[in-house]
Amino acid sequence: MQENFNQIQKEFDKDISQVSSLNDIEQIRIKYLSRNGIISNLFDKLREIPKENKREFGKSVNELRDYITNIYEIKKKEILSKSSQESSKIDLTLPANQIKIGSKHILTQTLEEIKEIFKSLGFSVFEGPELESDYYNFEALNFPDDHPARDMQDTFFISKKFLLRTHTSPVQIRVMEKNKPPVRAIMPGRVYRNEAINARSYCTFQQVEGLYVDKDVNFSELKGTLVSFAKQFYGNDLKYRFRPSFFPFTEPSAEMDITCFLCKGKGCKVCKNSGWLEILGCGMVDPNVFKYVNYDPEEYLGYAFGMGIERIALLKYGINDIRIFFENDIRFLRQF
Ligand code: DAH
């Protein structure tokens, strides 16, 4: 019998010497010390032992259990402290790896802001195609054939009849064709111009067109709407002026200027010493345009306006080169 105890002890010594993880130590507990483990089975056997040997057998089992339990506990502590030392190798005071979150491009933010302001003034939003026909881009906007006004905008022609739209004004025609007055809409979108690329112009950019047609619409409402927009966008202390201008699709036409962001009106290189920078074109819809969309020019009046989103953003943030918007230099984009 004693031999048997010695064998169990030897086996235990071997098992415990191989323990290296919390899982190993748990396996030892299950094998020797659990309810169905070796020690427990030995105690069960006590019943079958003849009376005269019971005392001795019981003593030996107790000794074996104490031996195993002691060594088991020591080893368990050792393993536990080792694993906590390992986890403390992670320095929680170090700054965490930064997760870089993307953000909206400054032009997207600008367009969203413009849209919100006009929506609050009662305008809905429409869009039209970038590939346009000569009819929508020029003819229905009262640009007569071979009229020099067509040269105002250098055009990418796709064919004789089709082109990349040079402005968002053709969407005015599309909106009026589909809707009876009153119409109050803004029309944002991408436009294309066959122009030399430099700090001030690019071959593609975005515009927002505006249109309001109703029974009696007048120029002072147009001014009121645009001034309200500009003040909300640039701030209440904004200074502005309207200058007479020419567009084939509006009569009378005007351009709106605001004080130069750089010199605050004193005159500098950016504003060509005038103190003013143009932000948009506008005017009362030319009655000829109404004829193309079957609106009665005797009954309806309208105003329209158009602005370049890049330009609007350049002026707000004091940026002096339009190309920077398209370079996607993360150092520039992160500033907004
Ligand atoms: N379409 C013009 C351009 O691209 C801008 C413009 C001027 C739009 C006057 C208008 C307007 O609706 O009334 O230069």
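What counts and what doesn't
- Residues numbered from 1 in each chain as written.
- Predicted model: local features only at pLDDT ≥ 70, side-chain atom pairs only at ≥ 80, totals over all residues.
- Heavy atoms only, no water.
- Helix = DSSP H or I, 4+ residues; strand = E, 2+ residues; numbered from the N terminus.
- Rg over C-alpha atoms; globule rule 2.2 N^0.38 Å.
- Contact = heavy atoms within 4.5 Å.
- Areas by Shrake-Rupley, 256 points an atom, 1.4 Å probe, with all protein chains shown as cover.
- Buried < 20%, exposed > 50% of the residue type's maximum accessible area, 1.4 Å probe, protein only.
- Salt bridge = Lys/Arg side-chain N within 4 Å of Asp/Glu carboxyl O.
- Phe/Tyr/Trp six-rings, centres within 6.5 Å; stacked < 30°, edge-to-face > 60°.
- Pairing = 2+ DSSP bridges.

### Side note on the overall build of the chain
When helices and strands are counted, the chain shows 12 helices and 9 strands. The C-alpha radius of gyration of the chain comes to 42 Å, more than 25% above the 20 Å expected for a compact globule of 336 residues. Each of the three principal axes of the chain carries a C-alpha extent, and together these read 130 × 45 × 40 Å. Pairs at least 24 apart in sequence give 66% of the contacts found in the chain among residues at least 6 apart. Summing over all exposed atoms, the chain offers an accessible surface of approximately 19,700 Å²; the carbon and sulfur share of this is 50%.

### As for the side chain of T155
Summarising the element assignment, T155 is placed in the loop between helix 6 (134-137) and strand 3 (162-164). Judged by relative accessible area, which is 14%, T155 ranks as buried. When sequence neighbours within four positions are dropped, the list of residues in contact with T155 reads F138, L163, L164, T166 and N194.

### Here's the deal with the pattern of salt bridges
As enumerated under the stated definition, the model contains 16 salt bridges in all. One salt bridge in this structure joins E132 and R174, with 2.8 Å as the shortest N-O distance. Of the two residues, E132 is situated in strand 2 (residues 131-133) and R174 in helix 7 (residues 169-178); the sequence distance between them amounts to 42 residues. A salt bridge links D329 to R331, with the nearest nitrogen and oxygen atoms 2.7 Å apart. Assessed through its relative accessible area of 23%, D329 is described here as partly exposed. Judged by relative accessible area, R331 falls into the exposed class, the value being 62%. Among the charged side chains, a salt-bridge network with shared partners connects R241, R243, E255 and D257.

### Some thoughts on the packing of aromatic side chains
This model, assessed by the stated rule, comprises 23 aromatic pairs. Taking 5.1 Å as the distance between ring centres and 85 degrees as the angle between the ring planes, the aromatic pair formed by F12 and Y32 counts as edge-to-face. In this pair, F12 is assigned in helix 1 (residues 2-17) and Y32 in helix 2 (residues 22-33), connecting sequence segments 20 residues apart. A residue is classified by how much of its surface remains accessible, and Y32, at 0% relative accessible area, is buried. Pairwise contacts between aromatic rings join F118, F123, Y212, F229, F233, Y234, Y303 and F305 into one cluster.

### Observations concerning the sheet that holds strand 7 (residues 250-259)
Spatially, the 7 strands line up as an open sheet ordered 1-4-5-9-8-7-6, and their pairing is mixed. Each end of this open sheet is capped by a strand with a single partner; those strands are strand 1 (124-125) and strand 6 (240-247). Relative to strand 4 (residues 183-192), strand 1 is paired through 2 bridges, and the arrangement is parallel. Note on strand 4: the bridge partner recorded for S124 is A185.

### Digging into the environment of S84
Topologically, S84 is positioned in helix 4 (residues 51-87). As for S84 and E112, which are separated by 28 residues in sequence, their C-alpha atoms are 53 Å apart.

### Considerations on the pairing of strand 9 (residues 301-308)
Two faces, one strand: in a regular strand the side chains alternate between the faces of the sheet. Most of strand 9 sits out of view: 6 of its 8 residues are buried. Sheet analysis places strand 5 (residues 204-214) next to strand 9, joined by 8 bridges and oriented antiparallel. Pairing of D214 across the sheet is with L301, part of strand 9. Relative to strand 9, strand 8 (residues 276-285) runs antiparallel, the two sharing 5 bridges. Note that in strand 9 the partner of G283 across the bridge is A304.

### Remarks on unusual backbone geometry
Leaving glycine aside, a negative phi is the common case for residues, and trans is the common case for peptide bonds. Look at the link from P181 to P182: it is a cis peptide, with omega at 5 degrees. Among the structural elements, P182 can be located in the loop between helix 7 and strand 4. We note that N273 has phi near 65 degrees; this positive angle belongs to a residue other than glycine. Position of N273 relative to the elements: it lies in the loop between strand 7 and strand 8.

These values are about where atoms sit, not about what they do.
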